[in-house]
There are 2 protein chains.
Amino acid sequence: MDLTRREFSRLAGTAAAASMLPRAKAEEKKIGWCIVALGRISMDHFMPGMLQSRTGRIVALVSGHRPKAEQQAAMYAVPDNAIYNYENYDRIASNKEIDAVYIALPNSMHAEYTIRAAKAGKHVLCEKPMATSVADSQAMIDTCRTAGKKLMIAYRCQYEPVNLKAISLIHSGAIGSVQAIESANGFNIARDEWRLNRKLAGGGPLMDVGIYSLNASRYLTGEEPGDIRANASVVDHDGRFTEVEENVGWTMKFPSGIMASCNTTYGGDMNGFYRVHGSKGMIELSPAFGYEGIHLRAQIWGQPPIDMPSPQHGYEQFTVEADYFADCIRKNKEPRSDGEEGLRDMKYMQAIYKAAGLTRL
Amino acid sequence: MDLTRREFSRLAGTAAAASMLPRAKAEEKKIGWCIVALGRISMDHFMPGMLQSRTGRIVALVSGHRPKAEQQAAMYAVPDNAIYNYENYDRIASNKEIDAVYIALPNSMHAEYTIRAAKAGKHVLCEKPMATSVADSQAMIDTCRTAGKKLMIAYRCQYEPVNLKAISLIHSGAIGSVQAIESANGFNIARDEWRLNRKLAGGGPLMDVGIYSLNASRYLTGEEPGDIRANASVVDHDGRFTEVEENVGWTMKFPSGIMASCNTTYGGDMNGFYRVHGSKGMIELSPAFGYEGIHLRAQIWGQPPIDMPSPQHGYEQFTVEADYFADCIRKNKEPRSDGEEGLRDMKYMQAIYKAAGLTRL
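Residues numbered from 1 in each chain as written. Chains lettered and ligands numbered in written order. Predicted model: local features only at pLDDT ≥ 70, side-chain atom pairs only at ≥ 80, totals over all residues. Heavy atoms only, no water.

### Re the environment of I352 of chain B
At step 1: Relative to the helices and strands, I352 of chain B resides in helix α10 (residues 339–355).
At step 2: If we skip the residues at most four places from it in the chain, I352 of chain B touches L206, I228, A230, V248 and W250 of chain B. (Helix = DSSP H or I, 4+ residues; strand = E, 2+ residues; numbered from the N terminus. Contact = heavy atoms within 4.5 Å.)

Written as structure tokens, this is what we have:
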């Protein structure tokens, strides 16, 4: 999903229109966001999503690539003196326009830039996986807590309406006692991705995209996995997988007895999905994790099928995620997907890797 | 799928019409089948399937329930003196009309009645799982071999056109290098099923329905699984699962690196499916294992989607399976799903149970 000039103009128009609407509370100043790293997820998703936000706006950028930063700054009306690089990043402390940072760096840099942001007095929305070690994750939590700043991990599916519908169907008992979940998420990775560099990524597809299946198994069941079994492999001996694994398959047993069996890969597009089987019916989300087009189909035996395509369009998942964090900041609420939530996944991923005989995290 | 009187009449008419068609070879006498056990799969599936067969006919029945046997005998024109029970079963030896037996007994009785059939000079088509122990499976193979009789395990999906299409798409390279498979199969079991009795069934859903996912992972990849990891559980503490497990989740790593992650349950209808992910596309069969309605959807990236519903109707899977075995008998060919194939699954199921900490088989 590339952001074309035409789309950008449309979104910018929407934002201008939205800004003219009467505010519920005059004192609710928009949260000022500083975008840390201008990669695909920032430029193609989060930043366009901010244009639709009633609660936030982009006020600063951090990038190692000045021309790209200037181009983006022009698009989002960010002043020149609010373009930072990785050396002078700590100066964000003195920029009062910045309330929160959005960290979209390679995984191994999440901890450092989260910690520096908290020390600079900024709230942090950090992409998943939150870090590349359990110790770093804990340090991020501790530093944000000490600084009195919010830390949210960007588990956008926890705020996405179709996933929320699946959760509510399960919790209402509509599909009876849940027995089992299958889930997979993966893509065919390009040779030049930083994700293949173990030092930058920490691990392979499990940390990057398998984490969606792991996190979904937890939010769907509302339970924490106990016994974890796993395997990892490389299918394509083409030079891409010298530092990280290509495939991981794992099973998790939850306290109630629910079994989750999952796969993740860097070797093929899996069109990330899950199926949840209960005694009275089943729910499938296919796709379940995409930026657009998430689709629920449920069958409760003896009842008409339920079909729910995503009501969202464009960059709305990111808008909703940012708006939720803004609400947490304003109301001093702990985000649902806080640092502790991110840390739990780090520990489970560590357990999955260990069960597969790999040393990670 | 219950066989109504109306359906039966239609099928019987088809059979009569088929019998009037000129034969390819006059000497190809129909294979005479003896049905061993009159349960659902015999009465509702295999026997109706025989009515459509050009290669076989039902000539004898074995049942412990004489009135039911007489009723079925009348429907299929089986003479009174060809109705056997479990005591006088060995007398099938002297019935020259019987070429082959179809064993649809509870799992724990497969070995005994296969061995007695082979000793009586009959070929054997035995339902899966082939037995309840590796030793029994080996004894079945050895006895049939010594007797010079064919032994086929009734893996009907190996002869089913939509599953065969999936296999051929994979083997043609259409979806590129295969990375991962997810599969599940299960149903919500009634309290009074013999399948919940460990002595009769040998194990729980893994042996009964999970075996489909196991076998599919093998025929889709054309490889034998190496490293197996597994977990088992009970969700519903309602008295059904005192002797066998309710859920099993497992992963299998194949020599090429392909990962298969599977679930099976006796706690909910899973509408048995599989997804196969390759570097160039993916294949989903949903449902994959049913008696009817098997449906393939494939996406080869950059090409139009492939949609293949089953071309078969009614009991045709069983007709095809029986016709294939008839061909093996006539041409003295070893069936593709022979005793050795059944034994391999027994050993893998034993490994899955062992990995899950359960003692079975």
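### Describing the side chain of D345 of chain A
All names here are of chain A.
At step 1: Within the secondary structure, D345 is located in helix α10 (residues 339–355).
At step 2: Among the polar contacts listed, one links the side chain of D345 to the side chain of N215, at a separation of 2.8 Å.
At step 3: In this structure, D345 is in contact with Y155, I211, L214, N215 and R218, ignoring residues within four places of it in sequence. (Polar contact = N/O pair within 3.5 Å; in protein donor to acceptor, adjacent residues only side chain to side chain.)

### Some thoughts on the interface of chain B and chain A
At step 1: Each partner contributes to the interface: chain B provides 52 residues, whereas chain A provides 52 residues.
At step 2: Where chain B touches chain A, the interface holds two salt bridges.
At step 3: With a shortest N-O distance of 3.8 Å, R275 of chain A and E284 of chain B are connected by a salt bridge.
At step 4: The interface formed by chain B and chain A contains 32 residue pairs in polar contact (both at pLDDT 80 or more).
At step 5: Broken down by secondary-structure element, the contributors of at least two residues to the side of chain B that touches chain A are β7 (178–186), β8 (228–233), β9 (247–253), β10 (259–265), β11 (273–278) and β12 (281–285) of chain B. (Salt bridge = Lys/Arg side-chain N within 4 Å of Asp/Glu carboxyl O.)

### Some words on the pairing of strand β12 (residues 281–285) of chain A
Residues and elements named next belong to chain A.
At step 1: Most of β12 sits out of view: five of its five residues are buried.
At step 2: Covered by surrounding structure in β12 are G281, I283 and L285 together with M282 and E284, the residues of both alternating faces.
At step 3: The sheet contact formed by strand β11 (residues 273–278) and β12 spans four bridges and is antiparallel. Paired with V276 across the two strands is I283, which belongs to β12. (Buried < 20%, exposed > 50% of the residue type's maximum accessible area, 1.4 Å probe, protein only. Pairing = 2+ DSSP bridges.)

### Structural notes on the confidence of the model for chain A
At step 1: Summarising the model, chain A shows a mean pLDDT of 94, and 93% of its residues fall at 70 or more.
At step 2: In the predicted structure, residues 17–24 of chain A sits below a pLDDT of 50 and forms four contacts with residues beyond four places in sequence or in another chain. (pLDDT = per-residue confidence, 0-100.)

### Let's talk about the domain arrangement of chain A
Residues and elements named next belong to chain A.
At step 1: The domain architecture assigned to chain A consists of domain 1 (5–154 + 318–337) and domain 2 (157–312).
At step 2: On the domain 2 side, the residues contacting the 16 residues of domain 1 number 16 residues.
At step 3: In this assembly, domain 1 packs against domain 2 so that about 1,400 Å² is buried in total across both faces, 59% of it on carbon and sulfur atoms.
At step 4: Measuring nitrogen to oxygen at the nearest pair gives 3.1 Å for the salt bridge that ties R40 to E193.
At step 5: Viewed at the interface, domain 2 and domain 1 are joined by eight residue pairs in polar contact (both at pLDDT 80 or more).
At step 6: Residues that form the side of domain 1 that touches domain 2 fall into these classes: eight nonpolar, five polar and three charged. (Domains from an automatic or database assignment. Buried area = accessible area lost by both parts, 1.4 Å probe. Nonpolar A, V, L, I, M, F, W, Y, C, P; charged D, E, K, R; others polar.)

### Describing helix α8 (residues 205–221) of chain B
Residue and element names in this part refer to chain B.
At step 1: Compared with the 24 Å implied by 1.5 Å per residue over 17 residues, the 23 Å span of α8 between its first and last C-alpha is a close match.
At step 2: Bending of α8 peaks at approximately 50 degrees at the position of I211.
At step 3: Most of α8 is tucked away, with 17 of its 17 residues classed as buried.
At step 4: With its phi angle positive at about 70 degrees, G222 sits one or two positions after the end of α8. (Expected span 1.5 Å × (residues − 1). Bend = angle between axes of the 7 residues up to and from the residue.)

### A word on the sheet that holds β11 of chain A
Residue and element names in this part refer to chain A.
At step 1: Spatially, eight strands are ordered β8-β9-β10-β7-β11-β12-β13-β14 in an open sheet, and the strand pairing comes out mixed. The two strands at the open ends of the sheet, each matched to only one other strand, are β8 (228–233) and β14 (306–309). For this sheet, the mean inter-axis angle between neighbouring strands, taken without regard to orientation, is 10 degrees.
At step 2: In this structure, strand β9 (residues 247–253) lies alongside strand β10 (residues 259–265), joined through seven bridges in antiparallel fashion. Residue pairing in the sheet places V248 in a bridge with T264 of β10. (Axes fitted to C-alpha atoms, helices over the stretch in contact; angles between N-to-C directions.)

### Examining the packing of aromatic side chains
At step 1: A complete count under the given rule lists 21 aromatic pairs over all chains for this structure.
At step 2: Aromatic side chains W33 of chain B and F325 of chain B sit 5.9 Å apart centroid to centroid with 45 degrees between the ring planes, which places their arrangement in the tilted category. Linking W33 of chain B in strand β1 (residues 31–36) with F325 of chain B in helix α9 (residues 316–331), this pair joins segments that are 292 residues apart in sequence. A single burial state applies to W33 of chain B and to F325 of chain B, both of which are buried.
At step 3: Between the aromatic rings of Y291 of chain B and F318 of chain B, the centroid separation amounts to 5.5 Å while the plane-to-plane angle is 50 degrees, which identifies the pairing as tilted. Of this pair, Y291 of chain B sits in the loop between β12 and β13 (295–300) while F318 of chain B sits in helix α9, and the two are 27 residues apart along the sequence.
At step 4: You can call F318 of chain B buried: its relative accessible area is 2%.
At step 5: What links up through ring pairs into an aromatic cluster is the set W33, F46, Y102 and F325 of chain A.
At step 6: The positively charged end of R336 of chain A is found above the aromatic ring belonging to Y324 of chain A, 5.5 Å away from the centroid. (Phe/Tyr/Trp six-rings, centres within 6.5 Å; stacked < 30°, edge-to-face > 60°. Lys NZ or Arg CZ within 6 Å of the ring centre and 35° of its normal.)

### Examining the state of the cysteines
Residues and elements named next belong to chain A.
At step 1: Summed over the entire model, instances satisfying the criterion amount to zero disulfides over all chains.
At step 2: Free of any disulfide, C157 has its nearest cysteine sulfur in C262, 14 Å distant.
At step 3: Among the residues examined, C157 registers a relative accessible area of 3% and is labelled buried.
At step 4: Lacking any disulfide linkage, C328 is separated from the closest cysteine sulfur, that of C144, by 14 Å.
At step 5: Take C328: its relative accessible area is 0%, and that puts it in the buried class. (Disulfide = S-S within 2.5 Å.)

### What to know about the relation of the copies chain B and chain A
At step 1: Superposition of chain B onto chain A requires a rotation of 180 degrees combined with a translation of 0.0 Å along the rotation axis, giving an RMSD of 0.0 Å. Both copies are brought into coincidence by an operation consistent with a two-fold rotation axis. (Least-squares fit on C-alpha atoms with pLDDT ≥ 70 in both.)

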